[in-house]
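# Structural description and commentary
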Amino acid sequence: MVALALLAIPVGVANAVTAPDGTDSNPVMSATRGSAEVRTVLEDLAETQSAEQVAAIYDSGVPAEFLWDPEANEFLAAVEIAPTISTFAITALGPGCATGSVCMRNSSNLHYGYIGTGTLSGTWNSINYMYAGNLTTRFTYKNGTGTQTVELKAGVSATLSGTDMVTVTRLAR
């Protein structure tokens, strides 16, 4: 019998699943999805987990990985996967910009590109062009009248008029 690991990430609330003998038949794995370690656990569970227990994990909405038999078109085992914690941070692309990234250009034609979400403080002098990238982005800047913020929606760019330039001090997206 050929079995493949199938990733499934249903959305919802978790329910505990306990084997008939009272043992936990639904361990939480912190291993990488699709890894040999997860596959080994799934293959071991296929010997002891009932179809009802597998279905309960699927229906629970918890992040999980399943061992799937494509010939029978059925899940043979399931294991909860610990959610990946994603740190939201804006990070530099290094000079230059990419499709979807925040982009600022200064008077020397140097492009500053950033990706991610969150906030980033810094000092970007002589900025004459700003682009929000693929997310709405707020640019806090200093000019002759003080500190202000402009919000550019996703896909929107702004070229400063005439010879105006600003010092950007913060990005938020």
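In this report, the structure presented in the accompanying data block is examined. (Residues numbered from 1 in each chain as written. Predicted model: local features only at pLDDT ≥ 70, side-chain atom pairs only at ≥ 80, totals over all residues. Heavy atoms only, no water.)

## Some details on unusual backbone geometry
Despite not being glycine, Asn 109 shows a phi value in the positive range, around 65 degrees. Relative to the helices and strands, Asn 109 is located in the loop between strand E6 (102-106) and strand E7 (111-116). Of note, the phi angle at Ser 126 is positive, near 55 degrees, even though the residue is not glycine. Position of Ser 126 among the secondary structure elements: in strand E8 (residues 119-131). (Helix = DSSP H or I, 4+ residues; strand = E, 2+ residues; numbered from the N terminus.)

## Some details on the environment of Leu 76
In this structure, Leu 76 sits in strand E4 (residues 74-81). Residue class for Leu 76 comes out buried when judged on its relative accessible area of 18%. Considered as a pair, Leu 76 and Ala 55 are 21 residues apart in the sequence and their alpha carbons are 9.7 Å apart. (Buried < 20%, exposed > 50% of the residue type's maximum accessible area, 1.4 Å probe, protein only.)

## What about the side chain of Asn 128?
Mapped onto the secondary structure, Asn 128 falls in strand E8. Looking at Asn 128, the relative accessible area reads 19%, which means it is buried. Setting aside residues no more than four positions away along its own chain, Asn 128 makes contact with Arg 105, Asn 106, Ser 107, Ala 158, Thr 159, Leu 160, Asp 164 and Met 165. (Contact = heavy atoms within 4.5 Å.)

## Side note on the packing of aromatic side chains
A full pass over the atoms with the stated rule returns four aromatic pairs. Arranged with centres 5.6 Å apart and planes meeting at 65 degrees, the rings of Tyr 58 and Phe 66 form a pair that is edge-to-face. With a relative accessible area of 0%, Phe 66 lands in the buried category. Plain terms: the ring middles of Phe 66 and Phe 75 are 4.7 Å apart, the flat faces sit at 35 degrees to each other, and that makes the pair tilted. Relative accessible area serves as the criterion here: at 29%, Phe 75 is assigned to the partly exposed category. Pairwise contacts between aromatic rings join Tyr 58, Phe 66 and Phe 75 into one cluster. (Phe/Tyr/Trp six-rings, centres within 6.5 Å; stacked < 30°, edge-to-face > 60°.)

## Some remarks on helix H2 (residues 51-60)
Within the span of H2, buried status applies to Gln 53, Val 54, Ile 57 and Ser 60. End-on view of H2: buried residues confined to an arc of 130 degrees, all on one side of the axis. Exposed residues lying more than 90 degrees from the buried face of H2 are Ala 51, Glu 52 and Asp 59. Those residues of H2 hidden inside the fold are in contact with strand E3 (64-69) and E4. (Arc of directions from axis to C-beta.)

## Here's the deal with the pairing of strand E9 (residues 137-143)
The pairing of E9 with strand E10 (residues 146-152) spans seven bridges and is antiparallel. Counterpart to Asn 143 in the pairing with E10 is Gly 146. (Pairing = 2+ DSSP bridges.)

Just distances and angles here, no functional claims.
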